[in-house]
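One-letter residues, chain by chain:
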Amino acid sequence: MSSLTTLARPYAKAAFELARDEQALAAWDDMLKLASEIVLEPSMAALLESPHVGQAEVVKILSDAAGDAFHGKFRDFLSVLASSRRLSLLPQATELFRELREAEEKRLTVKVVSVVPLDEGQASRLREALSRRFECEIELNNVIDENIIGGAVVYAGDQVIDGSLRGKLNRLSNTLAN
């Protein structure tokens, strides 16, 4: 998976620069999301792998499937991906694009894993604390996982803050084992 991300990174950066130049980050995000969803469809994935279908034809099929959702520069971007046989990297490029967009807009999407759903007060306090720490606007996604026993694990960008009871027990076990 990391090798796919590495391959997708220059395309994500190029898309980001084009979108930023057009002041259309949200529109490009939407187009990338739609293109990724189409590419992940089993029938489209088979077309991408087929040696019998030209890449220009694949771009046309992709654009036709999206209807009027893709504009000119985005279609050109898809053509560049196709000429390099990299259309299958769209899902990874989309994720990387979102990270670049969030950084540009000083936003961060944070995944919070907890045993029970966070109530509004907990979510608000956590959002404020993370906003101070990362100096940006925080969007929380709460995921429920009973295996962490208690507490929470916060995934913020490339950082993990493990405040779970399972994590504390694992650290205690490791300390006692040494």
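Below you will find a few notes about this structure. Here the structure is a predicted model, which means the values were calculated and not measured.

### Re the layout of surface pockets
Part 1: Empty space within the largest pocket amounts to approximately 460 Å³.
Part 2: Taken together, 19 residues form the lining of the largest pocket, with Glu99, Glu102, Leu108, Thr109 and Gly157 sitting closest to its centre.
Part 3: Taken together, the elements giving at least two residues each to the lining of the largest pocket come down to helix H6 (90-104), strand S1 (107-114) and strand S3 (152-156).
Part 4: Among the elements that take part in the lining of the largest pocket, H6 stands out by supplying 6 residues, more than any other.
Part 5: Class assignment for the residues of the lining of the largest pocket results in 8 nonpolar, 3 polar and 8 charged.

### A few points about the pairing of strand S4 (residues 159-162)
Within a regular beta strand, the side chains point alternately toward one face of the sheet and then the other, so they alternate between its two faces.
Part 1: Sheet topology note: the S3/S4 ladder contains 4 bridges and is antiparallel. Of the residues in S4, the one forming a bridge with Val153 is Asp162.

### Describing the sheet that holds S1
Part 1: Spatially, the 4 strands line up as an open sheet ordered S2-S1-S3-S4, and their pairing is mixed. The open sheet terminates on both sides in strands that have one partner only, identified here as strand S2 (137-144) and S4. Across this sheet, the average inter-strand angle for adjacent strands is 20°, counted without regard to direction.
Part 2: Relative to S3, S1 is paired through 5 bridges, and the arrangement is antiparallel. Residue pairing in the sheet places Val112 in a bridge with Val154 of S3.

### Some details on the packing of aromatic side chains
Two numbers describe a pair of aromatic rings. These are the distance of the centres and the angle of the planes.
Part 1: Taken as a whole, this structure holds 5 aromatic pairs when the rule is applied.
Part 2: Ring centres 5.2 Å apart and planes at 75° place the aromatic pair Trp28 and Phe74 in the edge-to-face group. You can see Trp28 sitting in helix H2 (residues 25-40) and its partner Phe74 sitting in helix H5 (residues 72-83), a full 46 residues away along the chain. In this structure, Trp28 and Phe74 share a single accessibility class: buried.
Part 3: Taken together, the ring pairs in this structure connect Trp28, Phe70, Phe74 and Phe77 into an aromatic cluster.
Part 4: Above the face of the Tyr155 ring, Lys111 is positioned so that its terminal group lies 4.8 Å from the ring centre.

### A closer look at helix H4 (residues 55-66)
Because each turn of an α-helix spans 3.6 residues, side chains separated by three or four positions end up pointing in the same direction.
Part 1: Compared with an ideal rise of 1.5 Å per residue, which puts 12 residues at 16 Å, H4 spans 17 Å between its outermost C-alpha atoms and is within 8% of the ideal.
Part 2: In this structure, the buried side of H4 is in contact with H2, helix H3 (42-49), H5 and H6.

### Structural notes on the pattern of salt bridges
Part 1: Going through the model one piece at a time under the given rule, you end up with 9 salt bridges.
Part 2: Between Glu104 and Arg20 there is a salt bridge; the shortest N-O distance is 3.7 Å. Of this pair, Glu104 sits in helix H6 while Arg20 is found in helix H1 (residues 2-22), placing the two residues 84 residues apart along the sequence.
Part 3: The residue Asp64 makes a salt bridge to Lys60 at a minimum N-O spacing of 3.0 Å. With Asp64 and Lys60 both in helix H4, this residue pair falls 4 residues apart, about one helical turn. Lys60 matches Asp64 in its accessibility class, with the two residues each being exposed.
Part 4: Through salt bridges with shared partners, a single ionic network connects Asp29, Glu95, Arg98, Arg101, Glu105 and Arg107.

Rules behind the numbers
- Residues numbered from 1 in each chain as written.
- Predicted model: local features only at pLDDT ≥ 70, side-chain atom pairs only at ≥ 80, totals over all residues.
- Heavy atoms only, no water.
- 1 Å grid on protein atoms, 1.4 Å probe; cavity = no way out; pocket = protein on both sides within 12 Å on 5 of 7 lines; lining within 4 Å.
- Points joined across faces, edges and corners; volume = space filled by probe spheres on them.
- Helix = DSSP H or I, 4+ residues; strand = E, 2+ residues; numbered from the N terminus.
- Nonpolar A, V, L, I, M, F, W, Y, C, P; charged D, E, K, R; others polar.
- Pairing = 2+ DSSP bridges.
- Axes fitted to C-alpha atoms, helices over the stretch in contact; angles between N-to-C directions.
- Phe/Tyr/Trp six-rings, centres within 6.5 Å; stacked < 30°, edge-to-face > 60°.
- Buried < 20%, exposed > 50% of the residue type's maximum accessible area, 1.4 Å probe, protein only.
- Lys NZ or Arg CZ within 6 Å of the ring centre and 35° of its normal.
- Expected span 1.5 Å × (residues − 1).
- Contact = heavy atoms within 4.5 Å.
- Salt bridge = Lys/Arg side-chain N within 4 Å of Asp/Glu carboxyl O.

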